[in-house]
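# Per-entry structural report
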There are 2 protein chains.
Amino acid sequence: MSGNAVERRGTPPHFLADPLLTDLYELTMAASYHAHGMNGRATFDLFIRDLPPTRSFLIAAGLGPALDFLETFRFSSDAIDYLRSLDLFREEFLGYLSGLRFGGDVWAVPEGDLVFPAEPLVRVTAPLVEAQLVETYLLATLNFQTMVASKAARLAIACGGRPFVDFSPRRDHGPEAALGAARAAYIGGAASTSNVLAGMRFGIPVAGTMAHSYVMAHEDEEAAFRAFARDFPERSTLLIDTYDTERGARRAARVAGELAAEGISVSGVRIDSGDLGALARSVRAILDEAGLARMKIFLSGDLDEHRIAELVRDGVPADAFGVGTQLGTSADAPYLGGVYKLVSDERGPKMKTSTAKVTLPGLKQVYRVEAGGRIAYDEIALEIEGERPGRPVLRKVLERGCRVGPPEPLAAARDRARGAIASLPDALRTLDAPAPPYAVRLSPGLAALRERLAAQLVGAPASHLG
Amino acid sequence: MSGNAVERRGTPPHFLADPLLTDLYELTMAASYHAHGMNGRATFDLFIRDLPPTRSFLIAAGLGPALDFLETFRFSSDAIDYLRSLDLFREEFLGYLSGLRFGGDVWAVPEGDLVFPAEPLVRVTAPLVEAQLVETYLLATLNFQTMVASKAARLAIACGGRPFVDFSPRRDHGPEAALGAARAAYIGGAASTSNVLAGMRFGIPVAGTMAHSYVMAHEDEEAAFRAFARDFPERSTLLIDTYDTERGARRAARVAGELAAEGISVSGVRIDSGDLGALARSVRAILDEAGLARMKIFLSGDLDEHRIAELVRDGVPADAFGVGTQLGTSADAPYLGGVYKLVSDERGPKMKTSTAKVTLPGLKQVYRVEAGGRIAYDEIALEIEGERPGRPVLRKVLERGCRVGPPEPLAAARDRARGAIASLPDALRTLDAPAPPYAVRLSPGLAALRERLAAQLVGAPASHLG
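So, on to the overall build of chain A. The helix and strand tally for chain A stands at 17 helices and 21 strands. With respect to the three principal axes, the spread of C-alpha positions in chain A is 80 × 55 × 35 Å. The proportion of buried residues among the 466 residues of chain A is 56%. Taking the contacts inside chain A whose residues are at least 6 apart along the sequence as the reference set, 75% of them involve residues at least 24 apart.

Right, here's the structure in full:
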């Protein structure tokens, strides 16, 4: 949109990355800070206060796109013109904005790792104005992708090793949300996606079968199956429930047998409606009787982790699952309440206490302590306390506005998530909310600082600090 | 991403508009159709089968971005290269795709109008391959924006004339979803948005106040209030709940009184936490006592239509509301199950019947019949039946791939939605699911066609057609 050349400090963003994608108040606050010379270094934590009731852990995702945004942060001349038109901002501030880049330091939980409530997911240290101006975008990106990656991890647990495919694009919250959902679902454990653009942009394997309309567009079901298998001789999954699923299975078996003579191997069948468990069993029997034991059964249609867990527990002969709506919109927990709070500025650690919403002050690290290959507890500690027992979870990812290393391949985040899920104690691997939740402790130094600041805060009722 | 120049047939899309934003099966099916010369004109209906349990009507939205996509539909050379790399498609098909434009006709419900289950929201008539290739994108866009506009309409009903602001960007499903949510919320009735990019792109009024971090970044609350009001002398709303809301209100009143002498008028205060009803009353009393009856009270914090309706019913002195998460993610109904089904091809009207999922065959129009200024019932009729009683709802919007008129201003869609909401019978204006639902009838011609096709469909159990 801008007439200016784009300055490249990072990779070109895959997601809408415009500094105007922000709440207006970030800009009015920034203008006020700028007018008063309040631009000392400040640190903000992005964290989740509470898990949704149906979640027992979160898998971090969205950091890559967030860093793309920070590295390319820049107001276009169109953006400056628009801001001028609002009659809210002084020319001095607009001039400052037009030259502004993000020059802060960022520590973050790497994508694919576990996150629990109150733990910093991203920690931003920058001049106050810059730190303020990136809040909305960071929240929008991290909240969403972490939500979907966490949902995908639950599906991975339910599938028990069977692959599942992201089928969500048509139900996601718009085209770009579909791209983000595919990315986050892959991190969380999806084997592939139906989303071709996500395949191109992120190298995620793409998968798909056929739609009912394809079957209907042919004279009959067998003609449709025959045409498709011949057109995709190495990879065809036939949708058999357009008219009657068992009859569809017999037709698919007949076509598969017939085409075997031509050297064509039909991969499998998909069932998208009806009693999936019962139909999968009868279809398996039909295929086996026809000597087609290698043909796979793919199930889809309003699936979620609970339904899949039930099918798996019942020993239903399903080889793979397609999950759409429930995965891409995380429909049982369709938002994450991540927040971004000032925890330190030039005058020292800060703490907000209002109406039961407490923040943890200071620059912090999270240590994860394992026992017997499973995670046992996390400790949030002040950086100044030095090293604490366990594995430090937050890593430095941006220094003076630039990535400290090359962007991480998505496969690395996915591997990390697989390891993270394997490290969950059994109580956290259940698909229902665990009791008690995973232990997140405060280090002695952090607990003491919190007490001290609470005592200093005039008029902060003690009940808000529990 | 492409090296080729962009051919402009329409306005540049505001949303990610790439033909690869599609499920893979659309492309494999299209390749098969292409290989077999199956590219006659076909008609697909995009419609919603069932309302979410907590909805009694829908407000159409998303058409504008969908038409932008269709008018600029074009595979980049990068896209073709990626598809080639999948080893699924023949060169002949890839060559065909690289020259492909969307040349179909589209009828649709205009944005802001009411939609009910089974009614075509969009009707696409195009060569089969083209009609197939746009399915995923149309669904992703229409499902999402219609969902949010419908949620906004419920909020408008709850607010009873008071303005409400879209505060959702940080909780929406990624940056672009925030843009779409702001657009759809505005159509459905939001007065403004905090999303600055949505303000720039769509001309939506932008609004905002300040964050708790702003208050915390100052020596004390009064210093923060004073600085902000001086920096934005014509427009400042002070956030008063960082420490203690009533004390915050007294400080805001003091600052407002003090600055009145400088000719600065503080617009109002915002309360974002606690018992909003009780706090609004005590804050109103504090402001009134200080002679500041003109200062407004703005409420936010986990609001939805039910909470707002309660506050309004209780006569709470709130002048406006900020709604975030619940609006932008439609959290109580976080997806719409829109589908896109073949209803006609060169051989005539088509109907799918499988497992209780029936489609209505043929090219159809929807007629809306009013009585006494309120809508009474809708009738879905076949186009060949000619004009029927009532107002035809679907309009031709695209002819041979081009808009039949200029893009509609968003304000027109918003006005239409306001009129549509006013035309709802009282039973549908309740915030709970109505019983019985709004009547959607089939015309005699459509009912007869459906019966005839059902009888022809071999093996379609009659029970599926009820």
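Next comes the rest of the description.
All names here are of chain A. For helix H11 (residues 245-260), built from 16 residues, the straight-helix expectation of 22 Å at 1.5 Å per residue is met to within 8% by its first-to-last C-alpha distance of 22 Å. For H11, the full list of buried residues reads Thr245, Gly248, Ala249, Arg251, Ala252, Ala253, Val255 and Ala256. Its buried side turned inward, H11 meets helix H10 (221-231), strand S8 (237-239), strand S9 (268-271) and helix H12 (276-289).

Residue and element names in this part refer to chain B. Pairing within the open sheet is mixed, and its four strands lie in the order S18-S16-S17-S21. Pairing within the sheet leaves two strands with one partner each, and these edge strands are strand S18 (391-392) and strand S21 (440-442). Direction of pairing for strand S16 (residues 364-371) relative to strand S17 (residues 374-382): antiparallel, over a ladder of eight bridges. If you follow Val369 over to S17, its bridge partner there is Tyr377. Set on the sheet, helix H17 (residues 444-456) makes contact with S16, S17 and S21; between it and S17 the angle comes to about 45 degrees.

What follows concerns the pairing of strand S9 (residues 268-271) of chain B. Residues and elements named next belong to chain B. Here S9 shows two buried faces, one formed by Gly268 and Arg270 and the other by Val269 and Ile271. Note: strand S8 (residues 237-239) against S9, three bridges, orientation parallel. Bridging across to S9, Leu238 finds its partner in Val269. On the question of chirality, the crossover connecting S8 to the parallel S9 by way of helix H11 (residues 245-260) is right-handed. Both S9 and strand S10 (residues 296-299) contribute to a ladder of four bridges, which runs parallel. In the strand pairing of S10, Val269 is matched with Ile297.

What follows deals with the domain arrangement of chain A. Residue and element names in this part refer to chain A. Domain boundaries in chain A define domain 1 (24-148 + 333-457) and domain 2 (153-328). Between the C-alpha centres of domain 1 and domain 2 the distance comes to 38 Å. Each partner contributes to the interface: domain 1 provides 16 residues, whereas domain 2 provides 20 residues. Of all the secondary structure elements, the ones that give two or more residues to the side of domain 1 that touches domain 2 are helix H6 (135-159) and helix H15 (410-422).

Let us look at the interface of chain B and chain A. Taken together, the 84 residues of chain B in the interface contact 83 residues of chain A. Among the elements of the structure, helix H1 (24-35), helix H3 (77-85), helix H6 (135-159), helix H7 (175-188), helix H8 (196-202), helix H9 (212-216), helix H10 (221-231) and strand S12 (338-345) of chain B are those that each provide at least two residues to the side of chain B that touches chain A. For the side of chain B that touches chain A, the element with the highest residue contribution is H1(B), accounting for eight residues. Class assignment for the residues of the side of chain B that touches chain A results in 44 nonpolar, 24 polar and 16 charged.

Secondary-structure assignment places Gly174(B) in the loop between strand S6 (164-166) and H7. Given 33 C-beta atoms within a 10 Å radius, Gly174(B) is considered buried.

This paragraph deals with unusual backbone geometry. A positive phi angle, close to 80 degrees, is found at Ala118(A), a residue other than glycine. In this structure, Ala118(A) sits in the loop between strand S4 (114-115) and strand S5 (120-127).

All names here are of chain A. Relative orientation of the contacting elements helix H3 (residues 77-85) and helix H4 (residues 91-98) amounts to 160 degrees, with a least axis distance of 10 Å. Between H3 and H4, the interaxial angle falls into the category roughly antiparallel. Between H3 and H4 lies a crossing of right-handed hand. Of the residues in H4, those in contact with Ile80, Leu83 and Arg84 of H3 are Leu94, Leu97 and Ser98. For the contact of H3 with H4, a count of residues per class yields four nonpolar, one polar and one charged.

Once that is clear, we can look at the relation of the copies chain B and chain A. Once chain B has been moved 0.0 Å along the axis and rotated by 180 degrees, it coincides with chain A to within an RMSD of 0.0 Å. Considering both components of the superposition, the chain copies are consistent with a two-fold axis.

All names here are of chain A. Strand order across the open sheet formed by seven strands is S13-S12-S1-S5-S3-S19-S20, with antiparallel pairing between neighbours. The sheet terminates laterally at strand S13 (348-349) and strand S20 (402-403), the two strands that pair on one side only. Across the sheet, helix H2 (residues 63-71) is in contact with strand S3 (105-108), S5, strand S19 (395-399) and S20; its angle to S19 comes to roughly 25 degrees. Sheet strands in contact with H6 are strand S1 (41-48), S5 and strand S12 (338-345), and its direction is about 135 degrees off that of S12.

Residue and element names in this part refer to chain B. With their axes 8 Å apart at the nearest point, helix H2 (residues 63-71) and H6 run at an angle of 160 degrees to one another. Between H2 and H6, the interaxial angle falls into the category roughly antiparallel. The crossing of H2 and H6 is right-handed. Here Pro65, Ala66 and Phe69 of H2 lie close against H6, whose contacting residues are Tyr137, Leu138, Thr141 and Leu142. Residues belonging to the contact of H2 with H6 are distributed by class as follows: six nonpolar, one polar and no charged.

The next thing to look at is H10(B). Here H10(B) lies mainly inside the structure; eight of its 11 residues are buried. Turning to H10(B), its buried residues number three or more, namely Glu221(B), Ala224(B), Phe225(B), Arg226(B), Ala227(B), Phe228(B), Ala229(B) and Asp231(B). Those residues of H10(B) hidden inside the fold are in contact with helix H1 (24-35) of chain A together with H9, S8 and H11 of chain B.

As for its placement among the helices and strands, Ala435(A) is situated in the loop between helix H16 (426-429) and strand S21 (440-442). Along the sequence, Ala435(A) and Gln456(A) sit 21 residues apart, while their C-alpha atoms lie 34 Å from each other.

Moving on, we get to the pairing of strand S3 (residues 105-108) of chain B. As a general feature of sheets, a regular strand has side chains that alternate between the two faces. Residues and elements named next belong to chain B. In this structure, S3 lies alongside strand S5 (residues 120-127), joined through four bridges in antiparallel fashion. In the strand pairing of S5, Trp107 is matched with Arg123. In this structure, S3 lies alongside strand S19 (residues 395-399), joined through three bridges in antiparallel fashion. Counted as the bridge partner of Ala108 is Arg395 from S19.

Turning next to the confidence of the model for chain A. Residues and elements named next belong to chain A. Looking at chain A, pLDDT values average 93 and 94% of them are 70 or higher. Throughout residues 1-8 the model reports pLDDT below 50, and contacts reaching past four residues in sequence, or to other chains, amount to nine contacts. The complex prediction reports pTM at 0.95, with the ipTM value standing at 0.95.

Moving on, we come to the environment of Thr325(B). Along the chain, Thr325(B) turns up in helix H14 (residues 325-328). Using a count of 21 C-beta atoms within 10 Å as the deciding quantity, one classes Thr325(B) as buried. Taking C-alpha positions, Thr325(B) is 8.4 Å from Leu303(B), a pair spaced 22 residues apart along the chain. Sequence-distant contacts of Thr325(B), that is, excluding residues within four places in its chain, are made with Tyr335(A), Ser168(B), Arg171(B) and Ala331(B).

Criteria and cut-off values
All residue numbers here refer to positions counted from 1 along the written sequence of the relevant chain. All chains are assigned letters beginning with A, and all ligands numbers beginning with 1, in the order in which they are written. Per-residue local features are limited, in this predicted model, to residues with pLDDT of at least 70; the limit for side-chain atom pairs, both in listing and counting, is 80 or more; totals at the level of whole chains, interfaces and linings are taken over all residues. Only DSSP runs of H or I covering at least 4 residues are called helices, and only runs of E covering at least 2 are called strands; the numbering of each starts at the N terminus. Each residue is classed by its C-beta neighbour count within 10 Å, where at least 20 other C-beta atoms makes it buried, 12 or fewer makes it exposed, and intermediate counts make it partly exposed; the C-beta atoms are placed from backbone geometry. We call two residues in contact when the distance between their C-beta atoms, placed using the backbone, is within 7 Å. Every helix has an expected span of 1.5 Å times one less than the residues it contains. In short, DSSP must find at least two bridges between two strands for them to pair. Lines fitted to the C-alpha atoms define the axes, with helices restricted to the stretch that makes contact. Angles between their N-to-C directions range from 0 to 180 degrees. With strands facing away from the observer, any crossover in which the path from the first strand over the helix to the second runs clockwise is taken as right-handed. Just so you know, the domain bounds were taken from an automatic or database domain assignment. Charged residues are taken to be Asp, Glu, Lys and Arg, nonpolar residues to be Ala, Val, Leu, Ile, Met, Phe, Trp, Tyr, Cys and Pro, and polar residues to be all remaining types, Gly included. Angle categories are assigned with fixed cut-offs, so that under 35 degrees is roughly parallel, over 145 is roughly antiparallel, 65 to 115 is roughly perpendicular, and the rest are oblique. What makes a crossing left-handed is the near helix being turned counterclockwise from the far one by less than a right angle; a clockwise turn instead makes it right-handed. A least-squares superposition brings the copies together, and it is based on the C-alpha atoms of residues with pLDDT no lower than 70 in both. Each residue carries a pLDDT score, the predictor's own confidence in it, on a scale running from 0 to 100.

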